[in-house]
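# A look at the structure
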Amino acid sequence: MRERGGSRKATRAQIVLAFAAVYVLWGSTYLAIRFGVETIPPFLLAGTRHLTAGLLLFGWLRISGTPAPSARHWRSAAIIGGLLLLGGNGLVTWAEQTVPSGLAALIVASVPLWMTALHAAQNRERPHGVAILGLAVGLVGLAFLVAPARVAGAASHVDPWGVAALLTAALMWSIGSLYSRKAVLPSSTLLATAMEMIAGGLILLSTSTLLGEWQGLSFASVSQRSLLSLAYLIVAGSLLGFTAYIFLLGATTPARASTYAYVNPVVAVFLGWAFAAEAVTLRMGMAAAAIVGAVAIIIRYGGTKNTKDMAREAAPEGTAEVWAEKSA
């Protein structure tokens, strides 16, 4: 993997705007998903989002002269797209039917914890002591966040099926992330990501069909807010946010670009509170501090270089567009 940081000349204003885009746009996707699933079935919403964004990006790249991928490339993209987008983002979208967007973001923010643990287990290497501390703190925060009210001493109730889906999404994302690092993909990062979104989008739409989401669906019953949310997820969440992140990888260091991993959940909680009247409790605040702090510890101090790279590349929002370094 070659280092990208600092390789591109950019003004301070451009870098600030790019960071603002990654922080706010990716953090806001949780709220957009919540509004989207109000009247659009979850797997249909996620599939339409990723397939549309992937086709737009793929078409633009091919018109620009990017070489066509091989069948082997498509096979890898299909596996990664299935793990990251069906297992990851699809389950997140499904869970937000019952779990508030801010809470969902905090649970999914634990992805770097799982990736660090899985990477260490896969390579039979013990993480650095500081990384172990970060894992412990993060798991305690996660357990406190999702524990039943009578255990956590809080009045709030968290849907157990939604929590299970979110935890499974984090696990599937982590497995897909590990696989993608060794998968055969095009040399163009943008092309690989477009292919993953196309493949993942098709798998999501197939799942939607198998689950019968199309049956009885009336497009007249789809609200304007859900349609606007879908458009926002395609344009702002996938295309603009993705472009900003790719720009940052060339204009600053990977460590700084990766700070979205612990800013996005905070943005998601705030937007859920401000625009969806989602409760922000002391329990959430304490758990958020533990989870976000643990992610920051792992990204900054965790174990080996490979372990830190894995944590940096984790995406709380669970979309393929953040995998900007894996095929460099």
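Residues numbered from 1 in each chain as written. Predicted model: local features only at pLDDT ≥ 70, side-chain atom pairs only at ≥ 80, totals over all residues. Heavy atoms only, no water.

## A short note on unusual backbone geometry
Although it is not a glycine, Ala277 adopts a positive phi angle of roughly 55°. For Ala277, a relative accessible area of 70% puts it in the exposed group. (Buried < 20%, exposed > 50% of the residue type's maximum accessible area, 1.4 Å probe, protein only.)

## A few points about the pattern of salt bridges
This structure, assessed with the given rule, holds two salt bridges. Notably, a salt bridge pairs Glu278 with Arg34, separated by 2.6 Å at the nearest N-O pair. Taken together, the residues Glu278 in the loop between helix H12 (260-276) and helix H13 (282-301) and Arg34 in helix H1 (residues 12-36) connect sequence positions 244 residues apart. As a salt-bridge pair, Arg225 and Glu38 come within 2.5 Å of each other at their nearest N and O atoms. Remark: Glu38 occurs in the loop between H1 and helix H2 (42-63) and Arg225 occurs in helix H10 (residues 224-251); sequence separation between them is 187 residues. (Salt bridge = Lys/Arg side-chain N within 4 Å of Asp/Glu carboxyl O. Helix = DSSP H or I, 4+ residues; strand = E, 2+ residues; numbered from the N terminus.)

## Describing the confidence of the model for the protein chain
On average, residues of the protein chain carry a pLDDT of 82, and 83% of them reach 70 or more. Here helix H14 (residues 305-312) stands out as the element of the protein chain with the lowest mean pLDDT, 47, in contrast to H2, whose mean of 96 is the highest. Within the model, the stretch residues 1-7 combines pLDDT values under 50 with 20 contacts to residues more than four positions away or in other chains. Low pLDDT, under 50, characterises residues 307-314; the predicted model gives this stretch 37 contacts beyond four residues in sequence or across chains. (pLDDT = per-residue confidence, 0-100. Contact = heavy atoms within 4.5 Å.)

## Here's the deal with the packing of H2 against helix H3 (residues 71-95)
Axis separation between H2 and H3 bottoms out at 9 Å; the angle between their running directions is 140°. By the angle between their axes, H2 is oblique relative to H3. Along this stretch, H2 crosses H3, giving a crossing that reads as right-handed. Note on element contacts: H3 touches H2 through Trp74, Leu85, Leu86, Asn89, Gly90, Leu91, Thr93 and Trp94, opposite Pro42, Phe43, Leu45, Ala46, Arg49, His50 and Phe58. Of the residues assigned to the contact of H2 with H3, the class counts are ten nonpolar, four polar and one charged. (Axes fitted to C-alpha atoms, helices over the stretch in contact; angles between N-to-C directions. Parallel < 35°, antiparallel > 145°, perpendicular 65-115°, else oblique. Left-handed = near helix turned anticlockwise from the far one by under 90°. Nonpolar A, V, L, I, M, F, W, Y, C, P; charged D, E, K, R; others polar.)

## Quick look at a nonpolar patch on the surface
Side chains of Phe270, Trp273 and Val280 sit close together on the surface and give an oily, nonpolar patch of about 340 Å² of accessible area. Assignment of secondary structure puts Phe270 in helix H12. (Patch = residues over 30% accessible without salt bridge, like charges linked within 9 Å, V, L, I, M, F, W, Y side chains within 5 Å. Areas by Shrake-Rupley, 256 points an atom, 1.4 Å probe, with all protein chains shown as cover.)

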